[in-house]
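Residue-level structural notes
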Amino acid sequence: MSSQITPNEDASDRPVGGAASVEFRAKPTVIAGAAATSPRTTITFYLPEGLRSRARAAYRSTSFEEKDSSWSEMLNKALLAEVQRREDAHNAGEMFAGNDEPLTPGRPIAF
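Description of the structure in this document. As the structure is a computational prediction, the values presented were derived from the model and not from experiment. (Residues numbered from 1 in each chain as written. Predicted model: local features only at pLDDT ≥ 70, side-chain atom pairs only at ≥ 80, totals over all residues. Heavy atoms only, no water.)

Some remarks on the overall build of the protein chain
Counting its regular elements, the protein chain contains 2 helices and 0 strands. Counting over 111 residues, the protein chain shows a buried share of 9%. Carbon and sulfur atoms form 56% of the exposed surface of the protein chain, whose accessible area is close to 10200 Å². (Helix = DSSP H or I, 4+ residues; strand = E, 2+ residues; numbered from the N terminus. Buried < 20%, exposed > 50% of the residue type's maximum accessible area, 1.4 Å probe, protein only. Areas by Shrake-Rupley, 256 points an atom, 1.4 Å probe, with all protein chains shown as cover.)

In structure tokens form, the structure reads like this:
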């Protein structure tokens, strides 16, 4: 492994700790539609334990190949994929107008 950085890589793409190390630092994914400086927030939601375990296993097995910098980044990517799918299917690919009004709690009465 060369100690020089090639034109297509930077220091954050290089292994940490020397040639024998397998740990890499990846740059966080930029989420489209979210300014890089926008404040982060937390959300709480419920999901089946089996889905949580499946998602964690997928993250652990693929985070290196997918260049996920964290569990949160993988979840952001998953949420963004569903939001984009809905924008494409229901809003001609355009972002929906958003606001900070609270969502209606609970389940819908019926579909």
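Examining the environment of Arg 60
Take Arg 60: it is sitting in helix H1 (residues 49-66). Considered as a pair, Arg 60 and Trp 71 are 11 residues apart in the sequence and their alpha carbons are 8.8 Å apart.

Focus on the pattern of salt bridges
Under the counting rule described, the total for this entry stands at 3 salt bridges. The partner of Arg 86 in a salt bridge is Glu 82, with the nearest N and O atoms 2.7 Å apart. Taken together, the residues span about one helical turn, with Arg 86 and Glu 82 both in helix H2 (residues 71-90) at a distance of 4 residues. You can call Glu 82 partly exposed: its relative accessible area is 29%. The network of salt bridges with common partners includes Glu 82, Arg 85 and Arg 86. (Salt bridge = Lys/Arg side-chain N within 4 Å of Asp/Glu carboxyl O.)

Observations concerning the side chain of Glu 87
Along the chain, the position of Glu 87 falls in helix H2. Nearest to the buried, unbridged Glu 87 among oppositely charged side chains is Arg 86, at 10.0 Å. Ignoring any residue separated from it by four or fewer positions in sequence, one finds Glu 87 in contact with Ala 92, Gly 93, Glu 94, Met 95 and Phe 96. (Lys, Arg positive; Asp, Glu negative; His and termini not counted. Contact = heavy atoms within 4.5 Å.)

What about H2?
Each turn of an α-helix holds 3.6 residues, which means side chains three or four residues apart point in the same direction. If you check H2, its first and last C-alpha atoms are 29 Å apart, about what 20 residues at 1.5 Å a residue would give, namely 28 Å. Buried within H2 are the following residues: Glu 73, Met 74, Leu 80 and Glu 87. Along H2, the residues classed as buried sweep out an arc of 145 degrees about the axis, all on the same side. Exposed residues pointing more than 90 degrees away from the buried face of H2 are listed as Leu 79, Ala 89 and His 90. Close packing links the buried residues of H2 with H1. Ala 92 occupies a position one or two residues after H2 and carries a positive phi of about 50 degrees. (Expected span 1.5 Å × (residues − 1). Arc of directions from axis to C-beta.)

A few points about the packing of H1 against H2
Packed helices, taken two at a time, are described by the angle their axes make and the gap between the axes. With their axes 10 Å apart at the nearest point, H1 and H2 run at an angle of 95 degrees to one another. Classified by the interaxial angle, the pair formed by H1 and H2 is roughly perpendicular. Contacts between H1 and H2 pair Ala 55, Arg 56, Tyr 59 and Glu 66 from the former with Trp 71, Met 74 and Lys 77 from the latter. (Axes fitted to C-alpha atoms, helices over the stretch in contact; angles between N-to-C directions. Parallel < 35°, antiparallel > 145°, perpendicular 65-115°, else oblique.)

Some remarks on the side chain of Ser 63
Of note, Ser 63 is situated in helix H1. Accessibility expressed as a relative area gives 17% for Ser 63, which makes it buried.

Concerning a nonpolar patch on the surface
Among the surface-exposed residues, Ile 43, Phe 45, Leu 47 and Leu 51 lie close enough to one another that they form a single nonpolar patch of about 400 Å² accessible area. Of note, Leu 47 is situated in the segment before H1. Overall, the relative accessible area of 36% leaves Leu 47 in the partly exposed class. (Patch = residues over 30% accessible without salt bridge, like charges linked within 9 Å, V, L, I, M, F, W, Y side chains within 5 Å.)

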